[in-house]
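If you want the building blocks of each chain, they are given just below.
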Amino acid sequence: MASIIDVSMNNAREVLEASQHKLVLFQFWSARSEGCTQLSPILEKIVQQYPQQLVLAKVDCDSQQDLAMQFGIQSLPTVMMIKDGKPVDGFAGVETEEAILTKLSAYLPKPEDSLLEQAQAFLAEQNYQEAYPCLKQALLLAPERVDIKLWLADTAVSLGQLPQAEALLAEIKLADQDALFKSVQAKIELAKEAADSPEIQALEAALAAEPDNFSLKEQLAVQYQAVQRSEDALALLLSILQQDLNYGSSKKLYLDILAALPKGDSVATSYRRKLYSLLY
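Described in the following lines is the structure provided in the data block. Quick caveat, the model's predicted, so the values are computed rather than measured.

### Describing the overall build of the chain
Looking only at helices and strands, one finds 14 helices and five strands in the chain. A compact globule built from 280 residues would reach a C-alpha radius of gyration of about 19 Å, whereas the chain, at 29 Å, exceeds it by more than 25%. A principal-axis box enclosing the C-alpha atoms of the chain has dimensions of 90 × 45 × 30 Å. Counting only residues that meet the buried cut, the chain has 40% of its 280 residues in that class. Within the chain, contacts between residues separated by at least 24 positions form 60% of all contacts whose residues are at least 6 apart in sequence. With an accessible surface of roughly 15000 Å², the chain has 51% of that area assigned to carbon and sulfur atoms.

Written as structure tokens, this is what we have:
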């Protein structure tokens, strides 16, 4: 069915059946009404923006008086919102686009839902770098959404951002700790075990004995990054650069790690600023 349709007694039942799948806006109008003339382009614009969710069913009350009487229309313009064959809302008179969208908000996709859908498509391809900024933006728009927090935590684990993932899980109340929560929790534990390899332990012990050894710091930073401990790696490299900007491969390693972090990552933002403060 088209998103904008003229309704008569012949197709009214078909239009009502469409309300099982979409919200149908029955617009009762007349060419003789100035209010109808003002309202029509607003409704048409809205429906054209959401063709998957809305149908505008236009009833010309001059030619379809019997149909208007069946709906009990008493003034023009009148809009009735029909879902599953039943009126759920409506208004009489001219309303602004903003007011109409507010009434429709429960039936329209929210921006955070679109972002979550995009992120899940990226996650299906294991493209965590692109999924991460979508989820971050979605959480900014809907900070109360537990599902978005969990997907962001899951993605953060895959990117080695374990502190962020743990912080997100800490915000989840017991009643909301579902299968996805437990899955992310298990992934964090496994990642922690993998991130503390014998090679890392040996280098940490050596560095503890020689805390000013730049070579050990650089080697340990490489090992940290190999297990996605990006923040630990950046902290070590920064301690080198603060004393010698040109030591070994430290600056290149630092920049490579920053480049590997996802868009919008708070660790990347923080350590990028720290490097700029050293350089400039």
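### Description of the layout of surface pockets
In this structure, the largest pocket occupies an estimated 250 Å³ of space. What lines the largest pocket is a set of 14 residues, among which G160, L162, P163, Q228 and R229 lie closest to the centre. Mapped by element, the contributors of at least two residues to the lining of the largest pocket are α8 (162–170), α9 (179–194) and α12 (230–241). Looking at the lining of the largest pocket element by element, the count peaks at three residues for α12. Tallied by class, the residues present in the lining of the largest pocket amount to six nonpolar, four polar and four charged.

### What about the pattern of salt bridges?
In the structure shown here, the tally under the stated rule is 12 salt bridges. For D154, the salt bridge identified is with K187, shortest N-O distance 2.8 Å. In this pair, D154 is assigned in helix α7 (residues 146–158) and K187 in helix α9, connecting sequence segments 33 residues apart. The network of salt bridges with common partners includes D113, R145 and D147.

### Looking at helix α14 (residues 266–279)
Between its terminal C-alpha atoms α14 stretches 20 Å, which fits the 20 Å expected from 14 residues at 1.5 Å a residue. Of the positions making up α14, those classed as buried are V267, A268, Y271 and L275. For α14, the buried positions fall inside an angular range of 90° around the axis, keeping them on one side. With respect to the buried face of α14, the exposed residues turned more than 90 degrees away are R273 and S277. Its buried side turned inward, α14 meets α12 and α13 (250–260). Where α14 begins, one side-chain oxygen reaches toward the backbone nitrogen of V267, 3.0 Å away; that side chain belongs to D265.

Rules used throughout
Residues numbered from 1 in each chain as written. Predicted model: local features only at pLDDT ≥ 70, side-chain atom pairs only at ≥ 80, totals over all residues. Heavy atoms only, no water. Helix = DSSP H or I, 4+ residues; strand = E, 2+ residues; numbered from the N terminus. Rg over C-alpha atoms; globule rule 2.2 N^0.38 Å. Buried < 20%, exposed > 50% of the residue type's maximum accessible area, 1.4 Å probe, protein only. Contact = heavy atoms within 4.5 Å. Areas by Shrake-Rupley, 256 points an atom, 1.4 Å probe, with all protein chains shown as cover. 1 Å grid on protein atoms, 1.4 Å probe; cavity = no way out; pocket = protein on both sides within 12 Å on 5 of 7 lines; lining within 4 Å. Points joined across faces, edges and corners; volume = space filled by probe spheres on them. Nonpolar A, V, L, I, M, F, W, Y, C, P; charged D, E, K, R; others polar. Salt bridge = Lys/Arg side-chain N within 4 Å of Asp/Glu carboxyl O. Expected span 1.5 Å × (residues − 1). Arc of directions from axis to C-beta. Polar contact = N/O pair within 3.5 Å; in protein donor to acceptor, adjacent residues only side chain to side chain.

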